[in-house]
Amino acid sequence: MKISKEKNPPRKSELITGFIGGLNTFQDETAIKNGELTEAKNIILNVDGIEPREGVTNYGSEDGTRVLGAFPYYGSHGTRELLRFCAGSNDKLQKYVSGVPTDIGSATFDDASLMNFVQADDRVYIFNGTDNLTYYDGTTVQTYTALTTPVNLSVTPQGTTGSKTYSYRVSAFNEVGETVACATVNTTTGNATLNATNFNRLNWDDVSGAVGYNVYGREATGLGETYMATVYVSTYDDNASDDPSLSILPPDANSTEGVIGSMPIFAISRIFVAGIADNTSRLLFSGTGEKVGDFSTPAFGAGGVDVFKNDGSAITAIIGFQGGVIVFKENAVYKFSFTSDGFQQLEEIVKGFGAIGFRSVRHVENDIIFASRKDGRLAFFSLGNQENYVATVLRTNELSIKVETYLQDVELDGLIGAAAYYYRNLYMCAVPKNGSSVNNRTWVLDTRFGAWVYWEGFTPNMFTSFLDDTGSESLYFADEESGYMVKMFTGNYNDNGSAIDIAWSTKAFNQGQFNKFKRYHNPTFQFKGVKASTRLNGYIYLDGVENAASFTINQQTLSGGGAGMVIPGFTLVGDAPSTTNSTNVESTDIPVEIYDILRSRSIKYAFTCNAINSYFKFLSLVHVYAINEKRLDDIYRVYPS
């Protein structure tokens, strides 16, 4: 018998560990890095392997149909309360008492508007863009009573009169807002030079409930009357000691019942508010110190600025950052701050794109991350200091290029309700998938690795953490589809008793030679910590088609024994065939070998799991391969003519 002298192609081993690259659908599945994934659903990335995400569970009892906002209240007197507002729950603010949502006070709110909160001192101020400002003081919800505009303003020159015209207006204010200023009143007999002897005396009727009055004047300009002084009696002498402001105009509307806004933050020692009902480009700010809730008194630092009012875009988000406030519109990003002299300044950071929703913007370490709408898809950007630039220069960078194709599956009109939080090194942002009216996919950026995965199975519209009396901190979300607050990171691996649908896939390995066929021998996977209840399904794709092996990985034994009762070659310590494991038992290190030889140009591995309380770590994989040096099959060959 003649023996062929042709040698078999040499075999090599490829070991892949550390799947910390996350999802990458931007590049072809054969071109991505070995540690990147082509599917990453409901998983967590760790240095040594892939795990299922932890489950969620309803907190306390249910009340209402859709939670519209939540916030932790921390009183200086030691009180700690988790606040919430829910549609269909008497339309009142609530707090949890022993896990039961309990009504606070008698004030009611619009049950279709998302509610946002900000705490300053011992007050939590409440904003929903529909109702006037109120606050919770640790006992009840306080409201404000609207003031009337001052009437019967008179202007009487004192001392030596003249023929100069002066004009004035007066408004009243309380601790939260300011009335519209009264109609202009002129004098045509004012002295050309105002001083302590020759001055204009203003008088008007007292306004019931007013804390004080703002005076606007004095000469006709392109701006009209501008702010001059704040007084606490119903008279004012204009002797030229107060110069008219160059920018502060009388208010457009009466805000003494409380401003109506939807986006509050605390920054630069004051409250900032955007989402103003009748002026979507207006940024309001309160006074400081004991006037932190006062949006009406310029003498205490309160005021406002119109951020490019006529550019066709509204303010979509605000957040404090590096001694100022970042102001987002959908088409631009700005920074508002005060100069050392106390003057307002507005700087442009970027044009062309901005944030899409207030709740998507979060501080992440030294940067800000926010959701944006770009080229007909969702995108995530960071904003911060650019390396090698001066510290005051801010730059934006897109973080989501690697998952761009998945970000096209989004309901663009619903992105204004995107909700994000930063917790355990994870920036999490819940958005609606295409066709959904609720946030049903949560994108998760692991900042340790700069890698993306996504989670499904729950519907948040807002996240908040809460530090309870025991010093234990937990993360909760306001549920879009029930009257529950829902607790995350429970340490269990089910969502309110239901299985978590898990899926992940590797790249398509081709050993850098797309044109050569290979023989892949006995692919082997390393798992660890597999719970006995876990059932993992695996699939092998050859050249992009699932046409090879499918297999099951689990560690649960069943009574009766027989083939397939345990993974071949592995039995948990203390177990014996014909017994049943506890579902909570975790295995030691498990190698799982697929005993087969597979022929293809590329090979890819996919895994799914949909069993309740499943837990595992997927650490690594290895396959032995041999490259066939022979020519391609005729079906791939083209002969030029």
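Scroll up for the structure.
So, here is what we can say about the structure in this document. (Residues numbered from 1 in each chain as written. Predicted model: local features only at pLDDT ≥ 70, side-chain atom pairs only at ≥ 80, totals over all residues. Heavy atoms only, no water.)

Within the open sheet, the 4 strands sit side by side as β31-β32-β33-β34. Their pairing is antiparallel. The open sheet is flanked by β31 (362–364) and β34 (394–398), the only strands paired with a single partner. Averaged over all neighbouring strand pairs, the angle between strand axes comes to 35 degrees, with direction disregarded. (Pairing = 2+ DSSP bridges. Helix = DSSP H or I, 4+ residues; strand = E, 2+ residues; numbered from the N terminus. Axes fitted to C-alpha atoms, helices over the stretch in contact; angles between N-to-C directions.)

Scanning the model with the defined rule gives 43 aromatic pairs in all. Arranged with centres 4.9 Å apart and planes meeting at 65 degrees, the rings of Y59 and Y96 form a pair that is edge-to-face. Residue Y59 is located in strand β7 (residues 57–59), and its partner Y96 is located in strand β10 (residues 92–97); the two are separated by 37 residues in the primary sequence. For Y59, a relative accessible area of 24% corresponds to the partly exposed category. On the numbers, 5.4 Å between centres and 70 degrees between planes, the contact of W204 with Y213 is edge-to-face. For the pair W204 and Y213, one class covers both residues: buried. (Phe/Tyr/Trp six-rings, centres within 6.5 Å; stacked < 30°, edge-to-face > 60°. Buried < 20%, exposed > 50% of the residue type's maximum accessible area, 1.4 Å probe, protein only.)

Moving on, we come to the side chain of S89. Relative to the helices and strands, S89 is located in the loop between β9 (80–87) and β10. At 2.5 Å, the side chain of S89 and the backbone oxygen of C86 are in polar contact. Discounting residues that sit within four places of it in the chain, S89 has contacts with D63, G64, R84, Q94 and D103. (Polar contact = N/O pair within 3.5 Å; in protein donor to acceptor, adjacent residues only side chain to side chain. Contact = heavy atoms within 4.5 Å.)

Taken in spatial order, the 4 strands of this open sheet run β23-β24-β25-β26, and their pairing is antiparallel. The two strands at the open ends of the sheet, each matched to only one other strand, are β23 (263–267) and β26 (303–306). The average angle at which neighbouring strand axes cross in this sheet is 20 degrees, direction not considered. Sheet topology note: the strand β25 (residues 282–285)/β26 ladder contains 4 bridges and is antiparallel. Bridged to L283 within β26 is V305.

In this structure, the amide linkage connecting G217 to the following residue, R218, adopts the cis form with an omega of -5 degrees. Topologically, R218 is positioned in the loop between β20 (212–217) and β21 (226–231). Its identity as a non-glycine residue notwithstanding, I268 has a phi of 50 degrees, on the positive side. Looking at the secondary structure, you find I268 in the loop between β23 and β24 (270–274). I268 sits in the partly exposed class, given a relative accessible area of 30%. Non-glycine residue F489 carries a positive phi angle of around 50 degrees. Tracing the backbone through its elements, the reader meets F489 in the loop between β41 (485–487) and β42 (502–509).

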